Structure formats: C-alpha cells, structure tokens
Amino acid sequence: MSLTEPNAAIGLATEFQDAVTEQSSEKVIEYPVLFVSHGAPSLFQETDQPAHKFMVKVRECLEIVGMPSEVVIISAHWENEHFTVTMSDRLTTVHDFAGFPPHLYEFQYPAKGSMPLSEHVLDCLNEFGLGGAVDPLRGLDHGAWVPLSVMLPDANVPVVQLSLQAGLDPGKHYQLGRALQSLQKAGVFVICSGGLTHNLGRIAIGRQSVDKFAQAFSDWANDTLKLEKEEMRQRRLQSFHTAPVRLDGYA
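Thresholds applied
Residues numbered from 1 in each chain as written. Predicted model: local features only at pLDDT ≥ 70, side-chain atom pairs only at ≥ 80, totals over all residues. Heavy atoms only, no water. Buried < 20%, exposed > 50% of the residue type's maximum accessible area, 1.4 Å probe, protein only. Helix = DSSP H or I, 4+ residues; strand = E, 2+ residues; numbered from the N terminus. Contact = heavy atoms within 4.5 Å. Core = buried A, V, L, I, M, F, W, Y, C linked by side-chain atoms within 4.5 Å. Phe/Tyr/Trp six-rings, centres within 6.5 Å; stacked < 30°, edge-to-face > 60°. pLDDT = per-residue confidence, 0-100. Salt bridge = Lys/Arg side-chain N within 4 Å of Asp/Glu carboxyl O.

Colleague: How do you make sense of helix α6 (residues 170–179) when you look at a structure like this?
Modeller: Along an α-helix, residues three or four apart share an orientation, since each turn contains 3.6 residues. The set of residues buried in α6 consists of His 173, Tyr 174, Leu 176 and Ala 179. The inward-facing, buried residues of α6 contact β2 (71–80), α4 (115–127), β5 (159–165), α7 (181–185) and α9 (230–238).

Colleague: Help me understand the nonpolar core, please; the structure alone is not making it clear to me.
Modeller: One recurring pattern in soluble globular proteins is that nonpolar side chains are buried together. Core analysis: the biggest nonpolar cluster contains 36 residues, and Phe 16, Val 71, Leu 140 and Leu 148 have the highest contact counts within it. Mapped by element, the contributors of at least two residues to this core are α1 (8–23), β1 (34–37), α2 (50–65), β2, α5 (142–151) and β6 (189–194). Of all the elements, α2 adds the most residues to this core, at seven residues. For Leu 140, the contacting residues outside a window of four places in its chain are Leu 91, Thr 92, Thr 93, Val 94, Tyr 109, Ala 111, Trp 145, Leu 148, Val 159 and Gln 161.

Colleague: How do you make sense of the packing of aromatic side chains when you look at a structure like this?
Modeller: To describe a pair of aromatic rings, one takes the distance between the centres and the angle between the planes. Inspection of the entire model under this criterion finds nine aromatic pairs. Geometrically, the ring pair formed by Tyr 31 and Phe 189 is tilted, given 5.2 Å between the ring centres and 35° between the ring planes. Of this pair, Tyr 31 sits in the loop between α1 and β1 while Phe 189 sits in strand β6, placing them 158 residues apart in sequence. Ring plane angle 55° and centroid distance 6.3 Å describe the contact between Phe 97 and Trp 145, whose orientation is recorded as tilted. Of this pair, Phe 97 sits in the loop between β3 (84–86) and α3 (102–106) while Trp 145 sits in helix α5, and the two are 48 residues apart along the sequence. The pair formed by Phe 97 and Trp 145 is uniform in burial state, with each residue classed as buried.

Colleague: Please clarify how the confidence of the model for the chain should be interpreted in this entry.
Modeller: In low-pLDDT regions, the fine details of the predicted coordinates are not to be read closely. The share of residues in the chain with pLDDT of 70 or more is 88%, and the mean pLDDT across the chain is 86. Averaged pLDDT values for the elements of the chain fall to 52 in helix α10 (residues 246–250) and rise to 98 in β3.

Colleague: For this particular structure, what's the right way to read the pattern of salt bridges?
Modeller: Pairing is possible between side chains that carry opposite charge, provided their charged atoms lie close to one another. In total, this model carries three salt bridges according to the counting rule given. A salt bridge links Lys 57 to Glu 60, with the shortest nitrogen-to-oxygen separation between them at 3.4 Å. Pair noted here: Lys 57 and Glu 60 are both in helix α2, with a separation of three residues, about one helical turn. Given a relative accessible area of 27%, Lys 57 falls into the partly exposed group. Ionic pairing is found between Arg 138 and Asp 141, a salt bridge with its closest N-O pair at 2.7 Å. Note on Asp 141: relative accessible area 0%, which makes it buried.

See the structure below:
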C-alpha cells in the first residue's frame, strides 16, 4: 500500500496497531519496528502531506495501545565510522539543513536522553560482534526530530539515536537489525527514518503521481520484506545494489 492512495495513512496505521496487539503480552508492549519517510525538515508542519498524516495516525494508535517508555531511532542522516549512540541526559535539536525558512532553525524538540538505554544498545551491538561507540555531544538530526515531533509531540519519552555505519555495508546493517530485536522484547520502540529513494533531482513539486523509478524500487523492497524465508530476505537485502533502478533512485 502506498501513502498516496486514499485512506492509506489510516490503513497502514491500523496494521501497525494490529501488530502491536498481536505481539504484546500482559507484561510488555512490543512495538513493531517502524520505518518512516521523514521528508523535508518542514514536514512536521505540513499536515496535508501523506507521511505527516500517517505519523499522526501512528500517534493515535500509540495513545490506544500504550505509549512507549523508551525510543531508539536510526536516521539516514547520521553515518559514523562505527555504529554510534547518543549518550546524554538531554539531546539538542540539530538543524542539519540549509535554504529553509528561518523559523525552522528556531524549532526545538527538547528530547530527554537515556544513558542506561544507550548502554543497552551497545550491549546488543557487542553481542553480535558489531562493536559500538558513544557520542556525548550528538543531538537529534532532522531525520529524528521531524517524525518524533509528530508522533511524540510532548517530548516526554527518553530517546537514543543510533547512527548507521559509514560505507553502508548491507551485511553489517542486516546484522544490526538482528541485534536490535531484543530491544523490542524489552518494550523499546525502534524507529527507522529516511526514504526508500532520495533522488532530489527527480522531485517535481506538486506532482500527484509516483515516479516510475521510485515505484519500482518500492515494489522490490515490499516484495523482499514479505518473503517468508529469512535466508531469502537476507540474500536479497544484502544484494540490494542489483535491485531495479537502484542507482537512479539514490543518485
């Protein structure tokens, strides 16, 4: 289902809520890992955008099933030599963009950090042999605070941001996903933020239809994630460079 389809935001958010209900026990609310497209830094104000509507519906679902006690968020805008976590009681709002209206640079998302959760994430990484590092000065980039400001607008849930690893090795990042599974069992809400495609040169402001290259890659990703056998999913994801229009989608 595409967010551009009528009522898609409601349908996808309902699937999210159903997954929470199915996976949770009486003791722990287990949230499915959520991938969101955070769009431009202004998305948190653009209430007519499909991605914004979806995040609002997710917030409404969380109000029904129970708000998370902690969040780990991974943004495509933070790459480091090693997988790195924020390590601070208070996270600054990073305005890592240029050319937008002045008021966007004044926006603050006063998120609380959680050093115990940061340590927990590091333990998960070490358990899978991935290693990890900490950054006590790093705040939340717009890939993190844009979706959080819509889904958790009160900024009252402790947040830890986790970086990608420079080089974007598919095998290591697949292992990263496996390493973070235990966080779900502990009731931590894991959010991944970015975009399946990111060819800014192909964006046409005001166009209602989805570009063919973006739809082709989206279909490939959707088909891959629905494969029942893990080894088949892993094989395709680790060779994503062979997927249709991959270079066109990311160039």
